[in-house]
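# Descriptive structure summary
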Amino acid sequence: MSWASGLVKPYRVEDGAKFRLKDFDPGDTGKIRSKRQAKQLLNQGIASLAELQGKLYAQNCWGVLLIFQAMDAAGKDGVIKHVMSGVNPQGVQVYSFKAPSEEELSHDYLWRTAKRTPERGRIGIFNRSYYEEVLVVRVHPELLKNERISPSLISKDIWTERFRDINGFERYYSSNGIVIRKFFLNLSKREQKKRFLDRLEFPEKNWKFSSSDVKERQSWDDYMKAYEDMIVHTASPHAPWYVVPADNKWFTRVVVAAAVVETLEDLKLTYPKVDPDKRKELQAARAMLQGKKA
């Protein structure tokens with residue numbers, strides 16, 4: 001087992017049948033006892049990602065989709081920034097999904113994300129995703145009215161139906177070479193409060209604060225139930241969830257980096273080997289270059 005696999009194993013959920021969010025501590029730091037140790041592992045992960053991404057791009061057989069979901073102030077942006085800092089920007093596509101636009105509301109709820117899934121050879125990152133439809137919309141069911149769905153289609157089973165839709169969506173992409181990994185950054189309510197107060201206290205962080213964030217805290221318990229139910233119903237071997245402790249940013253980033261490294265390592269990526277005709281072409285090019293003065 002590689003260092004990456006060993007580090008992420010406790011946080012990987014492939015079968016949600018027995019999943020309970022209370023069993024995962026937001027303050028957990030595993031066997032890592034210092035920021036210094038975490039920094040070393042993060043740098044190791046970043047270096048591995050750079051090499052593996054080069055092979056992913058060159059091989060052009062697989063695409064990778066990373067999905068991040070979390071409560072406000074859990075550190076999604078920071079994780080993406082730090083973990084992906086060493087990769088080639090041409091091979092990564094990042095999309096943040098805010099409240100849906102008028103055009104998006106006129107389509108099915110998977111439409112706006114489906115058209116942003118990564119092509120082969122690239123890593124796609126969703127900062128929030130279609131899972132908002134079983135989180136925010138579930139906590140605030142009045143939002144369903146904005147989706148222009150016929151009332152006859154909105155039943156007591158709508159969340160079960162959406163879980164089924166999402167599972168089918170992920171199964172389809174997985175069977176077509178798009179590898180999906182999902183991350184729930186598990187932040188405690190106490191740590192979220194601390195980070196909100198920091199945003200109010202320090203001028204350079206004021207821009208991050210929104211009064212709606214505080215309003216959403218009032219629905220914390222409802223959100224935790226929604227997150228738990230989401231993982232219970234959508235965790236699978238081909239599209240697992242990683243329930244990542246998020247109270248310590250330095251640990252969160254290491255776990256995510258390790259999970260991405262493990263994912264790419266499992267693909268057994270290699271640089272393409274040239275066929276005999278191509279090799280002859282390369283040899284001829286070398287001969288031409290060596291036979292002429294620069």
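Scroll up for the structure.
Treat the numbers as computed from the prediction; the structure is a model and nothing was measured.

Let us now look at the overall build of the protein. A tally of regular secondary structure across the protein gives twelve helices and six strands. In terms of overall dimensions, the protein has C-alpha extents of about 75 × 50 × 40 Å along its principal axes. The buried share of the protein, reckoned over its 294 residues, is 48%. For the protein, contacts bridging at least 24 residues in sequence account for 81% of all contacts bridging at least 6. Accessible surface computed for the protein: about 16200 Å², of which carbon and sulfur atoms make up 51%.

Taking 1.5 Å per residue, 18 residues should reach 26 Å; helix α11 (residues 249-266) reaches 26 Å between its end C-alpha atoms and fits that length. Of all 18 residues making up α11, 15 are buried, and the element is well covered by its neighbours. Two residues or fewer after α11 comes K268, characterised by a positive phi angle close to 55°.

Before going further, it helps to examine the environment of K81. Along the chain, the position of K81 falls in helix α3 (residues 76-83). On the basis of relative accessible area, K81 is assigned to the exposed category, the value being 62%. Separated by 200 residues in the primary sequence, K81 and E281 have C-alpha atoms spaced 41 Å apart.

For the rest of this paragraph, the subject is the sheet that holds strand β1 (residues 12-13). The strand order across the open sheet built from six strands is β1-β6-β5-β2-β4-β3, with neighbouring strands paired in mixed fashion. Of all strands in the sheet, those bounded by a partner on one side alone are β1 and β3 (92-96). Sheet topology places β3 next to strand β4 (residues 123-127); five bridges connect them, and they run parallel. By the bridge assignment, V92 is partnered in β4 with I123.

This part covers α3. Buried residues of α3: K76, G78, V79, I80 and V83, and no others. Tucked into the core, α3 has its buried residues touching α2 (35-59), β2 (63-70), β3, β4, β5 (178-186) and α11.

Another point: the packing of α2 against α11. The geometry of α2 relative to α11 is characterised by a closest axis approach of 9 Å and an angle of 30° between their N-to-C directions. Relative to α11, the element α2 lies roughly parallel. Read as a crossing pair, α2 and α11 show a hand that is left-handed. The segment α2 lies against α11, with K35, A38, L41, L42, G45, S48, L49, L52, Q53 and L56 engaging W250, R253, V254, A257, V260, V261, L264 and E265. Its residues placed into classes, the contact of α2 with α11 shows twelve nonpolar, three polar and three charged.

Criteria and cut-off values
- Residues numbered from 1 in each chain as written.
- Predicted model: local features only at pLDDT ≥ 70, side-chain atom pairs only at ≥ 80, totals over all residues.
- Heavy atoms only, no water.
- Helix = DSSP H or I, 4+ residues; strand = E, 2+ residues; numbered from the N terminus.
- Buried < 20%, exposed > 50% of the residue type's maximum accessible area, 1.4 Å probe, protein only.
- Contact = heavy atoms within 4.5 Å.
- Areas by Shrake-Rupley, 256 points an atom, 1.4 Å probe, with all protein chains shown as cover.
- Expected span 1.5 Å × (residues − 1).
- Pairing = 2+ DSSP bridges.
- Axes fitted to C-alpha atoms, helices over the stretch in contact; angles between N-to-C directions.
- Parallel < 35°, antiparallel > 145°, perpendicular 65-115°, else oblique.
- Left-handed = near helix turned anticlockwise from the far one by under 90°.
- Nonpolar A, V, L, I, M, F, W, Y, C, P; charged D, E, K, R; others polar.

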